[in-house]
Amino acid sequence: HVPFVVPFEHRVLIFRNYINRDADRSGIDFWSEPIRIRRNMMFEDAYADMALLPAATWKGRLRVEFISSQGTPEAGFGDGVTKEFLTSLCKTSFSEVYGMF
């Protein structure tokens with residue numbers, strides 16, 4: 001019952017301050033370049049672009065750019081594209097095609 005001693009709003013502020021201090025210390029805000037993902041090769045592109053990144057980079061904000069089947073960048077930016085990427089990547093990664101799980 002200890003978490004309820006501190007009001008939720010105060011716990012959120014403590015958490016945000018912790019995250020901000022960590023970001024300031026590491027000096028990472030955004031990945032310098034977005035990862036470029038072809039929709040028909042999502043798992044392969046994600047693995048190729050993300051597998052060799054240093055651990056500190058994972059604390060930064062992920063930027064994703066989808067590439068169309070014609071090889072041109074698709075319109076869209078921000079957290080919505082990132083959410084779509086992560087959702088689609090999880091669905092793809094857990095499919096029977098890759099036999100990982």
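The structure reproduced in this document is the subject of the present report. Computed from a prediction, not measured in an experiment: that's the story for all the values here. (Residues numbered from 1 in each chain as written. Predicted model: local features only at pLDDT ≥ 70, side-chain atom pairs only at ≥ 80, totals over all residues. Heavy atoms only, no water.)

### Regarding the pairing of strand β1 (residues 35-38)
Of the two faces of β1, only the one carrying Ile-35 and Ile-37 is buried; Arg-36 and Arg-38 on the other face are not. One ladder, built from four bridges, connects β1 with strand β2 (residues 64-67); its direction is parallel. When the sheet's bridge partners are listed, Arg-36 is paired in β2 with Glu-65. Note on the crossover from β1 through helix α2 (residues 42-50) to β2: the handedness is right-handed. (Buried < 20%, exposed > 50% of the residue type's maximum accessible area, 1.4 Å probe, protein only. Helix = DSSP H or I, 4+ residues; strand = E, 2+ residues; numbered from the N terminus. Pairing = 2+ DSSP bridges. Right-handed = clockwise from strand over helix to strand, strands pointing away.)

### Quick notes on the environment of Leu-52
Assignment of secondary structure puts Leu-52 in the loop between α2 and β2. Given the relative accessible area of 77%, Leu-52 is considered exposed. Distance from Leu-52 to Ala-23, taken between C-alpha atoms, is 21 Å for residues 29 residues apart in sequence.

### Some remarks on the packing of aromatic side chains
In the structure shown here, the tally under the stated rule is zero aromatic pairs. The lysine or arginine in question, Arg-39, covers the ring of Phe-66, its NZ or CZ lying 3.9 Å from the ring centre. (Phe/Tyr/Trp six-rings, centres within 6.5 Å; stacked < 30°, edge-to-face > 60°. Lys NZ or Arg CZ within 6 Å of the ring centre and 35° of its normal.)

### Description of the pattern of salt bridges
Per the stated rule, a full pass over the model turns up four salt bridges. With a shortest N-O distance of 2.9 Å, Arg-36 and Glu-65 are connected by a salt bridge. A residue pair is termed long-range when its members are at least 10 positions apart, and Arg-36 in strand β1 and Glu-65 in strand β2 qualify at 29 residues. By relative accessible area, Arg-36 is classed as partly exposed at 39%. The residue Arg-38 makes a salt bridge to Asp-45 at a minimum N-O spacing of 2.6 Å. Members of the salt-bridge network, linked through shared partners, are Arg-39, Glu-74 and Glu-84. (Salt bridge = Lys/Arg side-chain N within 4 Å of Asp/Glu carboxyl O.)

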